[in-house]
Amino acid sequence: MNRAAAAIFLVVLCSGCPKRIEFGPEGELTDADTVYQRVVKNQDNVVTLEGDAKLRAELPDQSGTLSMFVAVTRPAMLHLETFDFFNRPLASLVSDGQRFGLYQAETNTWYQGPASPANVSRFLPVMLPGEELVPIMLGQVPLIPPERMTLALDRKKGVYVLTLYRGEATQILEVHTKYLRVMRSQVRGIPGYDLAFEDFLEQGGLIFPGRVSLEAKQAKTKLQVRYQQIKLNARPDLTLYEVAPPEGARVVEVDAAGRELPAGAPASGSPAPLAPGS
């Protein structure tokens with residue numbers, strides 16, 4: 001057998017080899033509830049994040065990538081700022097969990113009102129309440145409350161497949177066999193979205209995904225946040241979450257549905273938050 005033929009033979013041979021799977025200190029787990037409990041514990045240990053990121057958005061009519069400053073604190077505090085190629089500010093979103101403020105630099109306009117999904121989506125094109133968006137940005141998956149669950153080991157992909165069932169809804173979770181962190185989530189049977197977590201890194205004993213992706217197929221929308229320099233679980237700077245307009249900005253009050261209100265009119269209350277995966 002000549003060298004070229006031998007190389008081809010090795011490629012074909014190795015392509016059929018099972019992927020080497022690395023397990024955590026407990027070895028291979030076979031109980032679904034044990035994996036579920038480890039996942040919940042491991043993803044709940046990140047409370048705050050602050051740093052720089054790249055935001056990639058793919059929408060039906062346009063797509064692009066922006067630089068972004070991110071500060072998020074559970075349960076629902078948000079501070080997001082986007083910049084153009086020349087590092088000029090474009091927009092900023094602030095929420096203390098109850099109220100939100102959105103500044104658009106191009107028009108020097110500040111929108112404020114209830115921190116509802118409709119208002120948060122003025123900045124990010126996904127209809128999610130802050131208490132669901134913040135955990136996602138912290139690398140956490142909103143889980144449907146399971147009535148039952150199953151566990152399998154996908155040796156080809158090298159992941160646990162943990163499936164949660166509740167009524168007509170199912171949530172399929174691909175779980176890292178060593179870190180016991182969710183790598184992919186797919187919700188079926190109810191309106192929802194898919195999540196993917198990649199490029200795991202270790203910081204201060206915490207395992208955290210360097211890339212978070214969200215795909216809402218019905219809305220034909222994909223968002224990806226790729227973290228660069230970040231700090232995890234640092235003492236939050238609460239001034240970042242103060243809902244106050246920049247000096248000189250035109251202030252517009254909006255209601256929970258995102259509708260502009262006449263000057264001096266009170267904003268209506270926020271609608272009920274969406275259930276995980278809805």
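The rules we used
- Residues numbered from 1 in each chain as written.
- Predicted model: local features only at pLDDT ≥ 70, side-chain atom pairs only at ≥ 80, totals over all residues.
- Heavy atoms only, no water.
- Helix = DSSP H or I, 4+ residues; strand = E, 2+ residues; numbered from the N terminus.
- Buried < 20%, exposed > 50% of the residue type's maximum accessible area, 1.4 Å probe, protein only.
- Contact = heavy atoms within 4.5 Å.
- Areas by Shrake-Rupley, 256 points an atom, 1.4 Å probe, with all protein chains shown as cover.
- Salt bridge = Lys/Arg side-chain N within 4 Å of Asp/Glu carboxyl O.
- Core = buried A, V, L, I, M, F, W, Y, C linked by side-chain atoms within 4.5 Å.
- Polar contact = N/O pair within 3.5 Å; in protein donor to acceptor, adjacent residues only side chain to side chain.
- Pairing = 2+ DSSP bridges.
- Expected span 1.5 Å × (residues − 1).
- Arc of directions from axis to C-beta.
- Phe/Tyr/Trp six-rings, centres within 6.5 Å; stacked < 30°, edge-to-face > 60°.
- Lys NZ or Arg CZ within 6 Å of the ring centre and 35° of its normal.

Identification of the protein chain as DUF4292 domain-containing protein from Corallococcus macrosporus DSM 14697 is taken from an unreviewed UniProt entry.

A. Quick peek at the overall build of the protein chain. Assigned secondary structure in the protein chain consists of 4 helices and 14 strands. Counting every position in the protein chain, which comprises 278 residues, the buried fraction comes to 43%. Of the contacts formed within the protein chain by residues at least 6 apart in sequence, a portion of 50% connects residues at least 24 apart. Per element, the accessible surface of the protein chain, about 15000 Å² overall, is 53% carbon and sulfur.

B. Quick look at the pattern of salt bridges. Enumeration according to the criterion identifies 11 salt bridges in this entry. Note that aspartate 199 and arginine 211 form a salt bridge whose closest N and O atoms lie 3.1 Å from each other. Of this pair, aspartate 199 sits in strand S11 (residues 194-203) while arginine 211 sits in strand S12 (residues 206-216), placing them 12 residues apart in sequence. Three or more residues joined by partner-sharing salt bridges are found here, namely Arg188, Asp194 and Lys217.

C. Geometry of helix H4 (residues 130-137). Counting buried positions over the 8 residues of H4 gives 7, a clear majority of the element. Residues of H4 that are buried include every one of Gly130, Glu132, Leu133, Val134, Pro135, Ile136 and Met137, and no others.

D. Highlighting the nonpolar core. Counting 57 residues, the largest nonpolar core has Leu49, Leu80, Met137 and Tyr227 as the members making the most contacts within it. Counting residues in hydrophobic clusters, the runner-up holds 5 residues, among them Ala71, Phe83, Leu240 and Tyr241.

E. Broad picture of the environment of arginine 122. Note on placement: arginine 122 falls in the loop between helix H3 (117-120) and H4. Arginine 122 gets classed as partly exposed once you look at its relative accessible area, which sits at 30%. Discounting residues that sit within four places of it in the chain, arginine 122 has contacts with Phe100, Leu102, Tyr111, Val254 and Gly258. Separated by 2.6 Å, the side chain of arginine 122 and the backbone oxygen of glycine 258 make a polar contact.

F. Geometry of the pairing of strand S2 (residues 63-73). The sheet contact formed by strand S1 (residues 48-58) and S2 spans 11 bridges and is antiparallel. Counted as the bridge partner of aspartate 52 is phenylalanine 69 from S2. Connecting S1 to the antiparallel partner S2 that follows it, the hairpin turn spans 4 residues. Bridge count between S2 and strand S3 (residues 77-83): 7 bridges; the pairing is antiparallel. Its bridge partner being in S3, threonine 73 is matched across the sheet by methionine 77. If you look at the hairpin formed by S2 and S3, you'll find 3 residues sitting between the two strands.

G. Spatial organisation of helix H2 (residues 32-43). Compared with an ideal rise of 1.5 Å per residue, which puts 12 residues at 16 Å, H2 spans 17 Å between its outermost C-alpha atoms and is within 8% of the ideal. Every buried residue of H2 is listed here: Ala32, Val35, Tyr36, Val39 and Gln43. For H2, the buried positions fall inside an angular range of 100° around the axis, keeping them on one side. One side-chain oxygen of the residue at the start of H2 lies 3.4 Å from the amide nitrogen of aspartate 33, identifying that residue as aspartate 31.

H. Summary view of the packing of aromatic side chains. One pass over the structure, following the stated rule, counts 3 aromatic pairs. Aromatic side chains tyrosine 179 and phenylalanine 200 sit 6.2 Å apart centroid to centroid with 40° between the ring planes, which places their arrangement in the tilted category. Here tyrosine 179 is found in the loop between strand S9 (169-176) and strand S10 (182-188), whereas its partner phenylalanine 200 is found in strand S11, with 21 residues between them in sequence. Residue classification places tyrosine 179 among the partly exposed positions, given a relative accessible area of 29%. When the ring of phenylalanine 208 is compared with that of tyrosine 227, the centres are 5.6 Å apart and the planes differ by 50°; the resulting orientation is tilted. Of this pair, phenylalanine 208 sits in strand S12 while tyrosine 227 sits in strand S13 (residues 221-232); the two residues are 19 residues apart in sequence, bridging distant segments of the chain. Relative accessible area serves as the criterion here: at 8%, tyrosine 227 is assigned to the buried category. Stacked on the ring of tyrosine 111, the Lys or Arg arginine 122 has its end atom at 4.7 Å from the ring centre.

I. Looking closely at unusual backbone geometry. The omega torsion of the bond from arginine 74 to proline 75 falls at 10°, within 30 degrees of zero and hence cis. One can find proline 75 in the loop between S2 and S3. At asparagine 87, a position not held by glycine, the phi torsion is positive, near 65°. Looking at the element boundaries, asparagine 87 is found in the loop between S3 and strand S4 (89-95).

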